[in-house]
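A look at the structure
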Amino acid sequence: MNSKENDFSRRKFLQLSASLGVLATLGNLEWANAATITDYKALVCIFLFGGNDGHNMVVPLDSTQYPAYQAARGYLAHPLSALQPINDAQGPFGLHPLMPQMRGLYTSGRAAIVANVGMLSAPTKYSDLSDPTKLPSNLRSHSDQVVQMQTGTPSSGGSTGWGGRAADSVLPLNAAAAFPVAISMNGPAIFCAGNSVPAASLQPGNSLRQNAMSLWPSTAGQARAAAQKQIVSAASGNQMIDAANRQMTDALALAPLLASAQSSVAWTTPFPSGGLGNQLADIARIINLRAQLGVGRQVFFVGLGGFDTHSGQSYQQGVLLQELDGCIRSFDAAMQQIGTGNSVTTFTMSDFGRTLQPSGTGTDHGWGNHHFVVGGAVQGGRIYGSFPLMTNYKTLNASAEDYADNRGVLLPRLSLSQYGGTLANWFGADPLTTFPNLGAWGGATNLGFLS
């Protein structure tokens, strides 16, 4: 057989095994013997794609701020009686009517709200808005802000994500890992990519089982599997083929671990069916095998899309927040069930917030936004950061800096670097390595919502 025929046979065989599914950038994983891990921690990022409207997710209820909210929101304002009431030192607030589970987590101390967070280059005042050099690039662009929020850098040129860099910082704690430590369940995500830690992209429900190996008699399947291992372990002299072979080798090692994870536990609080529920359920199954897999620290990324609500927001956002509400509750219950209730922290991110002022039946792109942090390590039942005053909506000056313009775009009072740096610090990572511009905030680098 000449070399051309051999290359063709190799490609054909790999195509025969293509039922591995979507497997992106598993990288050169070192498959080691698992070790007992006594100090496991994980960060789980839930990204709300499209720009979630935080103004209607957390609403001030006091006698001054609610009427101002109602006047500014008009058609989109939630009725006072429909909101899920919560309390904070800053006053009474209400969560979206379809988020009763989040209210329960908040009142029980397992959830906190971090107010008016956004991408910033450095502490930013209203007077800085006229100087583009002091601002992140392309602030209201979906594609740019999705990247910036995941990389943690105020430009769109980052090549690593802050989740991946946090995992880089605790690399010795994963020395015995027999599994990826930075995993996206929502397609390839730069959030998970570190300088040393590779990002893995897995599909919910896909254990990478190869249909091409299901032959009868079983000895035929075993022979084919052995031939596959021989093919992918042989150097071809072609860099692209060798890279594909390394990825296939990793996948072959990963497949039985994923299959084990999928049958590892029955949840006492079932996950809602659908995209986000399926993603979080698979993460919960993986975390359940943490000791077997030898991982000490992991970062995960999941996504829920549809928040670009330029029209039909009342219905569209409500459906999505209801899904988020149920999924977070189920995931938190699952973590408590498997004994990681205090060692897994879940948090939300989004492209940006939206305008307080409506545009027809929806809202336009904004900047600052409110986020949830959930888990047993959270110092919950309170709002962190200064909640924007609805009465400042039309007051744009240096003494009332809640808003960046008269459409109600929030001027962030807290940076993504402070928000993520607090999460990274709890994770055991170096916040300044994870967020290189965090030093611009001096000593205000830990917001205190995690213990």
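Presented here is an overview of the structure given in this document. (Residues numbered from 1 in each chain as written. Predicted model: local features only at pLDDT ≥ 70, side-chain atom pairs only at ≥ 80, totals over all residues. Heavy atoms only, no water.)

**A short note on the overall build of the chain**
A count of helical and extended segments in the chain gives 12 helices and 12 strands. Put simply, of all contacts in the chain between residues at least 6 apart along the chain, 75% involve residues at least 24 apart. Carbon together with sulfur atoms contributes 53% to the accessible area of the chain, which is approximately 17600 Å² in total. (Helix = DSSP H or I, 4+ residues; strand = E, 2+ residues; numbered from the N terminus. Contact = heavy atoms within 4.5 Å. Areas by Shrake-Rupley, 256 points an atom, 1.4 Å probe, with all protein chains shown as cover.)

**Here's the deal with the state of the cysteines**
Counted by the stated rule, this structure contains zero disulfides. With no disulfide of its own, C45 lies 8.3 Å from the sulfur of C192, the closest cysteine sulfur. Under the relative-accessibility criterion, C45 is labelled buried at 0%. (Disulfide = S-S within 2.5 Å. Buried < 20%, exposed > 50% of the residue type's maximum accessible area, 1.4 Å probe, protein only.)

**Let's talk about the pattern of salt bridges**
Two side chains of opposite charge can pair, provided their charged atoms sit close to one another. Applying the stated criterion to the full structure yields nine salt bridges. Across the salt bridge formed by D364 and R407, the nearest N and O atoms sit 2.7 Å from each other. One end of the pair, D364, is in the loop between β9 (344–350) and β10 (369–374); the other, R407, is in the loop between β11 (383–384) and β12 (414–415), with 43 residues separating them in the sequence. You can call R407 partly exposed: its relative accessible area is 24%. (Salt bridge = Lys/Arg side-chain N within 4 Å of Asp/Glu carboxyl O.)

**Quick look at unusual backbone geometry**
Backbone geometry places N116, a non-glycine residue, at a positive phi of 50°. Mapping N116 onto the fold places it in strand β5 (residues 111–118). Unusually for a residue other than glycine, N138 sits at a positive phi of about 50°. If you trace the backbone, N138 turns up in the loop between β5 and α4 (142–151). For N138, a relative accessible area of 46% puts it in the partly exposed group.

**As for the side chain of T160**
Structurally, T160 is set in the loop between α4 and α5 (162–169). At 3.0 Å, the side chain of T160 and the side chain of R165 are in polar contact. Residues within four places of T160 in sequence aside, it is in contact with T151, R165, I190, A193, G194 and N195. (Polar contact = N/O pair within 3.5 Å; in protein donor to acceptor, adjacent residues only side chain to side chain.)

**Regarding the sheet that holds strand β3 (residues 84–88)**
To summarise the sheet geometry, strands pair through backbone hydrogen bonds and adopt either a parallel or an antiparallel arrangement. Taken in spatial order, the three strands of this open sheet run β2-β4-β3, and their pairing is antiparallel. At either end of the open sheet lies a strand with only one pairing partner, and these are β2 (58–60) and β3. Taken pair by pair, the neighbouring strands of this sheet meet at an average axis angle of 35°, ignoring direction. (Pairing = 2+ DSSP bridges. Axes fitted to C-alpha atoms, helices over the stretch in contact; angles between N-to-C directions.)

**Here's the deal with the packing of aromatic side chains**
Going through the model one piece at a time under the given rule, you end up with 15 aromatic pairs. With a centroid separation of 6.5 Å and an interplanar angle of 55°, the aromatic rings of F191 and F347 are classed as tilted. Taken as a pair, F191 in the loop between β6 (182–184) and β7 (200–201) and F347 in strand β9 lie far apart in primary sequence, 156 residues in all. Neither residue differs from the other here; F191 and F347 are each classed as buried. With a centroid separation of 6.2 Å and 85° between ring planes, the pair formed by F347 and Y419 is classed as edge-to-face. Taken together, the residues span a long stretch of sequence, with F347 in strand β9 and Y419 in helix α11 (residues 416–427) at a distance of 72 residues. As far as the burial class goes, F347 and Y419 line up, both buried. (Phe/Tyr/Trp six-rings, centres within 6.5 Å; stacked < 30°, edge-to-face > 60°.)

**Examining helix α8 (residues 275–288)**
Taking 1.5 Å as the rise per residue, α8 with 14 residues should run 20 Å; its terminal C-alpha atoms sit 20 Å apart, in good agreement. Of all 14 residues making up α8, 11 are buried, and the element is well covered by its neighbours. (Expected span 1.5 Å × (residues − 1).)

**Thoughts on the environment of G368**
Tracing the backbone through its elements, the reader meets G368 in the loop between β9 and β10. Along the backbone, G368 and G54 are 314 residues apart, and their C-alpha atoms lie at a distance of 8.6 Å. Dropping the residues within four chain positions of it, G368 is found in contact with N116, V117, G353, L410 and P412.

**Details of the environment of I46**
Here I46 is to be found in strand β1 (residues 41–48). Judged by its relative accessible area of 0%, I46 falls in the buried class. When the C-alpha atoms of I46 and T348 are compared, they prove to be 4.8 Å apart, with 302 residues separating the residues in sequence. Filtering out sequence-adjacent residues up to four positions away, I46 remains in contact with L276, L280, V302, L324, I328, T346, F347, T348 and M349.

**A short note on the pairing of β1**
The buried fraction of β1 amounts to eight of the eight residues, a majority that puts the element mostly inside the structure. Every second residue of β1 is oriented toward a common face, with K41, L43, C45 and F47 on one face and A42, V44, I46 and L48 on the other, all of them buried. Pairing of β1 with strand β8 (residues 297–304) involves eight bridges; the strand directions are parallel. Residue pairing in the sheet places K41 in a bridge with R297 of β8. Relative to β9, β1 runs parallel, the two sharing seven bridges. The partner of A42 across the bridge, within β9, is V344.

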